[in-house]
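Residues per chain, in single letters:
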Amino acid sequence: AIADPENTAIISVVVPDVTVDGFVLDGFNPALSPADGYTNSAGQAGLFASSGVQNGVYPNLSNVSNLTIQNNIIRNVSYDGIYLDRTDFFTTPSTGNYILNNEFDDMWEGLQTYGLHSVIANNTITNVSRGMSLHGTITDSPGFTPAITNNSLIIGEWWPSEINRLRTIGIWINYRRANAAPLWVADNTVESPVPAPPGTTIRGLEALTVDGNGTVTFANNTVKGDNNCQQGIYATACWSNNAVRVLGGSVLNAQIGVVAETKDPDWGTADAFITISNVSIQTPGGITGVLAHQDSSTPSNRARVNVSDNCSVTGFTIGIGVQGTNATASIVNNLGSITGNLYGIDVGDGKALLENNTLTNNLGAGLRVRGIGIVDAGDCTGGNVHRLHGPGGQLRAAHRTGRQHVGRDGR
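Residues numbered from 1 in each chain as written. Predicted model: local features only at pLDDT ≥ 70, side-chain atom pairs only at ≥ 80, totals over all residues. Heavy atoms only, no water.

Chemist: Which residues make up the packing of aromatic side chains, and what values go with them?
Modeler: This model, assessed by the stated rule, comprises seven aromatic pairs. Here the aromatic rings of F28 and F48 are separated by 6.2 Å at their centres, their planes lie at 35°, and the arrangement is tilted. One end of the pair, F28, is in the loop between strand 3 (24–26) and strand 4 (38–39); the other, F48, is in the loop between strand 5 (45–47) and strand 6 (49–54), with 20 residues separating them in the sequence. The exposure class assigned to F28 is partly exposed, which follows from its relative accessible area of 42%. For the ring pair Y79 and W108, a centre distance of 6.3 Å and an interplane angle of 75° mean the geometry is edge-to-face. Here the residue Y79 occupies a position in the loop between strand 10 (73–75) and strand 11 (80–84), and W108 occupies one in strand 13 (residues 103–114), the gap between them amounting to 29 residues. You can call W108 buried: its relative accessible area is 5%. (Phe/Tyr/Trp six-rings, centres within 6.5 Å; stacked < 30°, edge-to-face > 60°. Helix = DSSP H or I, 4+ residues; strand = E, 2+ residues; numbered from the N terminus. Buried < 20%, exposed > 50% of the residue type's maximum accessible area, 1.4 Å probe, protein only.)

Here you go:
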């Protein structure tokens, strides 16, 4: 009977090799005073525990590994259904962790980990503000493959009111650097059925600060924005080693489908690079399907998107946008088509390489170039309209005909 919605979990795990299996963990206790609890989704003071499972009492946490949390129902807690942190600033690998087949309901976030390598699979997360987040990973995981797979998340509920945040995310991968093991995020579904309050933002998937050997692959995920999600897939501070890839899957009814952004309102400025392949992006009345955005206040930073292998982008004012002098895009082999937009591709001051795309049935134009924007579509002699070259995130020169399929009058 402890009312501590800031620090104390229902179960505290402080040693390795523990399994928590088959419990109902409910943070509501009718014997406690409502004045001591946080507000739940029903507007009642019914949240008296900070977490369902935590590695200690915050901030006095213990390093754990080989932890399995499975087949539990966790509900009515203030912060996270599962919160696992490290005390050694992530330098010692924690592997062998499994979070499987749990149900999370009525809390700020389903689960959050720092510095742990885990398999997070087949969980159902509902009635939460944020789905899950993984932070602070700089170590490899020899013999263990971390993954986030087959989870269902319904986010953007914006409570408890005592926890004030301006952005919420379905799956957030943050600070995966140095020697971090590759992370596979696959076959998850994120849905946001409730409109965001004024001044707030809903994101489906986010990668923040991924570089060094760290890589994140989003594969075959589905973001259902319900016209409430502002940014379906968001990447910033991700550049080296083609670190963030989106392979297959779909983004539906998000105002902006996929964005590489150089200025984050919370975390500052950095280069941003994201690769998408064979992704379906659809929002009738949406703003931009895929966006490389170099903010004008970040003149030394770069934004880059690679769009390839039959990506489909339809329903937006701008199908693929390149905005800013240091914004670039490689748009290659998209015969699944960039169609049904006002402008198929819009290049404003930046640079784009186009080869072998379908740009039919865009109402205003298949391609619009503004300001000092430059588009290289190659030519029949194998030369280039403009020299776009260089290592890493720079665009390569076109050496094919660069043929596009564009309808008459850009439609």
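Chemist: Kindly report on the side chain of Q54, identifying the contributing residues and their values.
Modeler: Following the sequence through the fold, Q54 ends up in strand 6. Looking at Q54, the relative accessible area reads 3%, which means it is buried. In terms of polar contacts, Q54 uses its side chain to reach the backbone carbonyl oxygen of G56, at 2.9 Å. Look past the residues within four positions of Q54 in its chain and what remains in contact with it is N7, A9, I11, S12, V13, L61, Y83 and L84. (Polar contact = N/O pair within 3.5 Å; in protein donor to acceptor, adjacent residues only side chain to side chain. Contact = heavy atoms within 4.5 Å.)

Chemist: Could you give an account of the pattern of salt bridges, with specific residues and numbers?
Modeler: Tallying each qualifying case throughout the model produces nine salt bridges. The partner of R302 in a salt bridge is D271, with the nearest N and O atoms 2.9 Å apart. With R302 in the loop between strand 29 (280–293) and strand 30 (303–308) and D271 in the loop between strand 27 (268–269) and strand 28 (272–277), the pair connects residues that are 31 residues apart, well separated along the chain. Accessibility expressed as a relative area gives 26% for R302, which makes it partly exposed. For R370, the salt bridge is made with D346, and the minimal N-O distance between the two is 2.6 Å. With a gap of 24 residues between them, R370 in strand 35 (residues 365–370) and D346 in strand 33 (residues 343–348) connect regions that are remote in the sequence. When salt bridges with common partners are traced through the structure, they connect R203, E206 and D264 into a single cluster. (Salt bridge = Lys/Arg side-chain N within 4 Å of Asp/Glu carboxyl O.)

Chemist: How would you explain the pairing of strand 21 (residues 201–210) if you had to name every residue and give the values?
Modeler: When you tally the buried positions in strand 21, you get 10 out of 10 residues, the bulk of the element. In this sheet, strand 21 lies alongside strand 18 (residues 167–176) in parallel orientation, the contact comprising eight bridges. Counted as the bridge partner of R176 is V210 from strand 21. Both strand 21 and strand 23 (residues 222–238) contribute to a ladder of six bridges, which runs parallel. Bridging across to strand 23, V210 finds its partner in C238. (Pairing = 2+ DSSP bridges.)

Chemist: Account for the environment of L32, with residues named and values stated.
Modeler: Position of L32 relative to the elements: it lies in the loop between strand 3 and strand 4. Residue classification places L32 among the buried positions, given a relative accessible area of 15%. Non-local contacts of L32, meaning those with residues more than four positions away in its chain, are made with A1, I2, A3 and F48.

Chemist: Just give me the short version of unusual backbone geometry, but keep the residues and values in it.
Modeler: The omega angle of the peptide bond from Y58 to P59 is 5°, so this bond is cis rather than trans. With respect to the helices and strands, P59 occurs in the loop between strand 7 (56–57) and strand 8 (60–61). Here the bond from W159 into P160 is cis, since omega is 0°, no more than 30 degrees from zero. Relative to the assigned elements, P160 resides in the loop between strand 17 (152–154) and strand 18.

Chemist: Could you give an account of empty space enclosed by the protein, with specific residues and numbers?
Modeler: Taken as a whole and judged by the stated rule, the model has one cavity of 30 Å³ or more. Volume-wise, the largest cavity comes out at about 50 Å³. Lining the largest cavity are 13 residues, and of these N221, I233, V246, G248 and S250 sit closest to its centre. Of all the elements in the fold, those that place two or more residues in the lining of the largest cavity are strand 22 (216–219), strand 23 and strand 25 (250–261). Looking at the lining of the largest cavity residue by residue, the classes come out as eight nonpolar, five polar and no charged. (1 Å grid on protein atoms, 1.4 Å probe; cavity = no way out; pocket = protein on both sides within 12 Å on 5 of 7 lines; lining within 4 Å. Points joined across faces, edges and corners; volume = space filled by probe spheres on them. Nonpolar A, V, L, I, M, F, W, Y, C, P; charged D, E, K, R; others polar.)

Chemist: Describe in detail the layout of surface pockets, supporting the description with residues and values.
Modeler: Considering only enclosed or pocket space, the largest pocket measures out at about 550 Å³ in volume. Lining the largest pocket are 25 residues; nearest its centre among them are W108, Q112, Y114, R130 and R165. Sorting elements by how many residues they give to the lining of the largest pocket places strand 18 first, with four residues. Classifying every residue of the lining of the largest pocket gives nine nonpolar, eight polar and eight charged.

Chemist: Now, about the nonpolar core: what can you tell me, with residues and values included?
Modeler: By size, the foremost hydrophobic cluster in this structure holds 75 residues, and its most contacted members are I274 and I276. Once residues within four sequence positions are removed from consideration, I274 is found in contact with I233, A235, V244, V246, V258, A260, R304, V305 and N306. (Core = buried A, V, L, I, M, F, W, Y, C linked by side-chain atoms within 4.5 Å.)

Chemist: Please give an account of the confidence of the model for the chain that cites residues and values.
Modeler: Confidence in the prediction of the chain, expressed as mean pLDDT, is 91, and 91% of residues score 70 or more. Counting contacts from residues 405–411, a segment whose pLDDT is below 50, to residues more than four positions away or on other chains yields 19 contacts. (pLDDT = per-residue confidence, 0-100.)

Chemist: So what about the side chain of R130? Which residues, and what values?
Modeler: Of note, R130 is situated in strand 15 (residues 124–135). With relative accessibility at 7%, the residue R130 sits in the buried group. There is a polar contact of 3.4 Å between the side chain of R130 and the side chain of S133. R130 has contacts with W108, E109, G110, Q112, H135, I155, T168, I169 and W172, leaving out every residue within four places of it along the chain.

Chemist: A description of the environment of T68 should follow, citing residues and the corresponding values.
Modeler: Checked against the element boundaries, T68 lands in strand 9 (residues 67–70). Each C-alpha atom, one on T68 and one on V15, is 12 Å from the other, the two residues being 53 residues apart in sequence. For T68, the residues in contact, after removing those within four places along its chain, are V18, T19, V20 and Y98.

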